[in-house]
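Chain and residue survey
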Amino acid sequence: MNLCIVGTGYVGLVSAACFAEMGNDVCCVDINPSIVENLRQGVIHIYEPGLEELVRRNTSEGRLKFTTSIAEGMENALFVFITVGTPPKEDGSCDLSYVYQVARDIGAGMRDYKIIVDKSTVPVGTADKVRELVSEELGNRGEHIEFDVVSNPEFLKEGDAINDFFKPDRVVVGTDNVRTAELLKALYGPYARSRDKLIVMGVRSAEMTKYAANCMLATKISFINEIANVCELVGADVREVRVGIGSDHRIGYQFIYPGIGYGGSCFPKDVKALIDTARQYGYEPGVLASVDDANARQKHVLSRKIEEYFASRGGVAGKTLALWGLAFKANTDDVRDASAFEMIRDLTDKGMKIQAFDPVAGPNAQRHFAGNDLLTVVDEQYAALDGADALAVVTEWNQFRNPDFPRIEKALAEPLVFDGRNLYSPELMAALNFVYYCIGRPDPK
C-alpha cells in the first residue's frame, strides 16, 4: 500500500519505518529541511533502539522516502497519517495547532480519495475538527473530493517501540465506515498474524481509549509510589508489598515499580489533557487530578532525602553529587518531564554541584541546562564519581544495575548511595558497608 506519514517524531518515524519494513511504500513528511536531508542519508534525529537500521535499510531499498512537501508525500498515497506533536499548553490543555495545520494542508493539496488517520494523541472530538478543516479547504478550492477521517491511536513504549509496532497488543481503529475499517485491517494484517488484533469502535471512543490507557498506567505508578511513601513511615518494605499485591492477577506486576515519578512525552501530557477535557465538560476528575499531583510531589522525594542527609553536615551547598541517568526512562534520549531534571533544579538551586552521566541523553540535558554552571555532564559512567560526596541513581539503564561497587566506594568521599529506582538490594548494600537510601523502605539510621 502507499502511505504518507506527516511528522518524523517518535511515532511518525517508527510507524514509517515499520510500515515500510512490511513492503509498503511510505513517504514521510517533515517541514524541517535538515531533518529530511539527514533522514535521506540514514541519519536519524531521535534515539530508539533498532530504528536507525530500519530507516537505512528501507530507504536504501526504496520503500521509504522523505520530503518537506505534503502535496508530494500524499500524491500516490491512500492513507495519510497525522503524527505531529501535540504538546501541552501552560494550562495543561493540548496544543492542536500542528494537527490543525496538517489538516488544512491536506485539504489544500489532496487530489483524490484519502483516508486521513489521526495517530497523534489528541483530545476527544479532534477528528471532527480535522474533518471540518479539510472540508473547508476543499470548499475554498471549489472541490468535492471524498475522504474519511479515522482515529488510530498509538500504543508504543519509547525504548521498545519497534517491538510494540510489530507485535501489538491491539490495534484500535475509530471509524463508522465498514470499507475504511477493512482497508485498515488489510494494512495492519501483517502485524496480527497469530490473531485478529483490530478493534473497531466509534471515533470518539478510539480517541478516549488512548487517554484512558495512559491515565490508567499513570494511576498505577502514582498509587505504588504513594504506598511506598507510607511504607517508609510505618516500617514496611514496598518490595515485599509489591510482590504481595502483584500476585493478584487483577492487579498484576506491571507498572507497580516504586520510584521517583513518571515522565516522558505521554503520561504527564495525557493525564493533564484528560483533566482539562473533563473540566471543559463541567466534570471534576478527582482521581486523575490526584494522580497528577502525587506524581509532581514524587519527583522531589530523592532530592529531599539528599537534603535531609546533608542538613547536619553543613547542607548540600558546596557538596558534589554524582548522578546516573538523565532520560525519563531507560533506552531513550527523551528528557521531557524527566525526574532527573527536577532533582537537578532542586539541588543546584541550593548550591550543590552535580556531575551527571547518561548513555544517550547527556547532550539533551546539556542543552536544557546550558546556563547552569553547577551541572556538568560527563561522557563516562564512573567519571561522574570523581570527587563526589554521594551517588544518586535516577534512570534504570541496564549498565547501572550491577556496577563495580568497590570502584564506587573508592571514588566517593563516603560510601553513600541514593537509589531512586530501587535497583539494588538493601541487604547487599549493607553487606558492602554502603549507606543506602531507596524508595519505600525506612531510611537507614
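What comes next is a walk through the structure.

Thresholds, definitions, all that
- All residue numbers refer to positions counted from 1 along the written sequence of the respective chain.
- In keeping with the model being predicted, local features are shown solely for residues with a pLDDT of at least 70 and side-chain atom pairs are shown and tallied solely at 80 or more, while totals for entire chains, interfaces and linings include all residues.
- Only hydrogens and water are set aside when side-chain values are computed; all heavy atoms of the structure are taken into account.
- Here the rule is simple: two strands pair whenever DSSP picks up at least two bridges between them.
- Helix numbers and strand numbers start at the N terminus; a helix is a DSSP run of H or I with at least 4 residues, a strand a run of E with at least 2.
- Whenever a helix is involved, its axis is fitted only over the stretch in contact; in every case the axis is a line through C-alpha atoms, and angles between N-to-C directions fall within 0 to 180 degrees.
- By definition in these notes, contact holds between two residues if any of their heavy atoms fall within 4.5 Å.
- Burial classes follow relative accessibility: with a 1.4 Å probe on protein chains only, a residue under 20% of its type's maximum area counts as buried, one over 50% as exposed, and anything between as partly exposed.
- Think of a polar contact as two N or O atoms within 3.5 Å of one another; within protein, one of them needs to be a possible hydrogen donor and the other a possible acceptor, and neighboring residues in sequence only count if both atoms come from side chains.
- Aromatic contacts are taken between Phe, Tyr and Trp rings whose centres are within 6.5 Å, Trp giving its six-membered ring; a plane angle under 30 degrees counts as stacked, one over 60 as edge-to-face, and the others as tilted.
- Lysine NZ or arginine CZ positioned within 6 Å of the ring centre and within 35 degrees of the ring normal marks a charge as sitting over the ring.
- It is the directions from the helix axis to the C-beta atoms whose arc is reported.
- Salt bridges are defined by distance alone: a side-chain nitrogen of Lys or Arg within 4 Å of a carboxyl oxygen of Asp or Glu.
- Each angle is binned into one of four classes, with values under 35 degrees roughly parallel, values over 145 roughly antiparallel, values of 65 to 115 roughly perpendicular, and all other values oblique.
- A clockwise turn of the near helix away from the far one marks a right-handed crossing, whereas an anticlockwise turn of less than a right angle marks a left-handed crossing.
- Gly counts as polar in this scheme, as do all residues outside two lists: the nonpolar Ala, Val, Leu, Ile, Met, Phe, Trp, Tyr, Cys and Pro, and the charged Asp, Glu, Lys and Arg.

Notes on the sheet that holds strand β9 (residues 320-324)
Strand order in the open sheet formed by 6 strands is β11-β10-β9-β12-β13-β14, and the pairing between neighbours is parallel. Both edges of this open sheet fall to β11 (375-377) and β14 (435-437), since each of them pairs with a single strand only. When strand polarity is set aside, the average angle formed by the axes of neighbouring strands in this sheet is 20°. Pairing geometry for β9 and strand β10 (residues 353-357), over 5 bridges, is parallel. Of the residues in β10, the one forming a bridge with L323 is A356. Running at roughly 175° to β9, helix α14 (residues 339-348) makes contact with β9, β10, β11 and β12 (390-393) of the sheet.

Focus: the environment of E342
Tracing the backbone shows E342 in helix α14. Note on E342: relative accessible area 24%, which makes it partly exposed. As for E342 and A296, which are separated by 46 residues in sequence, their C-alpha atoms are 9.4 Å apart. Those residues in contact with E342 that sit more than four places away from it in its chain are K299 and H300. Reaching out from E342, the side chain makes a polar contact with the side chain of R345 at a distance of 2.9 Å.

Here's the deal with unusual backbone geometry
Even without glycine at this site, F255 takes up a positive phi of about 65°. In this structure, F255 sits in the loop between α10 (238-246) and α11 (267-280). Of note in the backbone geometry, N422 takes a positive phi value of approximately 55° without being a glycine.

Concerning the packing of aromatic side chains
Going through the model one piece at a time under the given rule, you end up with 22 aromatic pairs. Among the aromatic side chains, those forming a connected cluster through ring pairs are F19, F79, F81, F165, F166, Y188 and Y191. Directly above the ring of F155 sits R170, whose terminal nitrogen or CZ lies 3.7 Å from the centroid. Positioned above the aromatic ring of Y309, the side-chain terminus of R313 is 3.9 Å from the ring centre.

Let's talk about helix α3 (residues 51-60)
What α3 keeps buried is the set L51, L54, V55 and N58. Burial along α3 is one-sided: seen end-on, the buried residues are contained in an arc of 95°. Counted as exposed and oriented over 90 degrees from the buried face of α3: E53 and S60. Lining the buried residues of α3 we find α1 (10-21), α2 (33-40), β3 (64-67) and α7 (161-166).

A few points about the pattern of salt bridges
Overall, the coordinates contain 30 salt bridges when judged by the stated rule. For D270, the salt bridge identified is with K269, shortest N-O distance 3.1 Å. Per residue, the accessibility class of D270 equals that of K269, and both read buried. If you follow the salt bridges from partner to partner, you end up with D237, R239, E427 and R441 in one network.

Structural notes on helix α8 (residues 178-188)
What α8 keeps buried is the set T180, A181, L184, L187 and Y188. One side of α8 holds all its buried residues, which, seen down the axis, span an arc of 120°. Measuring from the side-chain oxygen of the N-cap residue of α8 to the backbone nitrogen of R179 gives 2.9 Å; that N-cap residue is N177.

What about the environment of Y253?
Position of Y253 among the secondary structure elements: in the loop between α10 and α11. Along the sequence, Y253 and R242 sit 11 residues apart, while their C-alpha atoms lie 7.4 Å from each other. Ignoring any residue separated from it by four or fewer positions in sequence, one finds Y253 in contact with R242, V243, G246 and S247.

Details of the packing of α1 against α3
For any two helices packed against each other, one specifies the inter-axial angle together with the distance between the axes. Look at α1 against α3: their axes get within 9 Å of each other, and the N-to-C directions meet at 50°. For the element pair α1 / α3, the angle class is oblique. As α1 runs across α3, the sense of the crossing is left-handed. Of the residues in α3, those touching α1 at L13, V14, A17, C18, A20 and E21 are L51, L54, V55, R57 and N58. Residue classes in the contact of α1 with α3 are distributed as 8 nonpolar, 1 polar and 2 charged.

A look at the packing of helix α13 (residues 301-311) against α14
At a minimum axis distance of 8 Å, the contact between α13 and α14 shows a crossing angle of 30°. One element, α13, and the other, α14, form an angle in the roughly parallel class. Crossing angle aside, the handedness with which α13 passes α14 is right-handed. In contact with L302, S303, I306 and E307 of α13, α14 contributes M343, D346 and L347.

These figures come from the coordinates and say nothing about function on their own.
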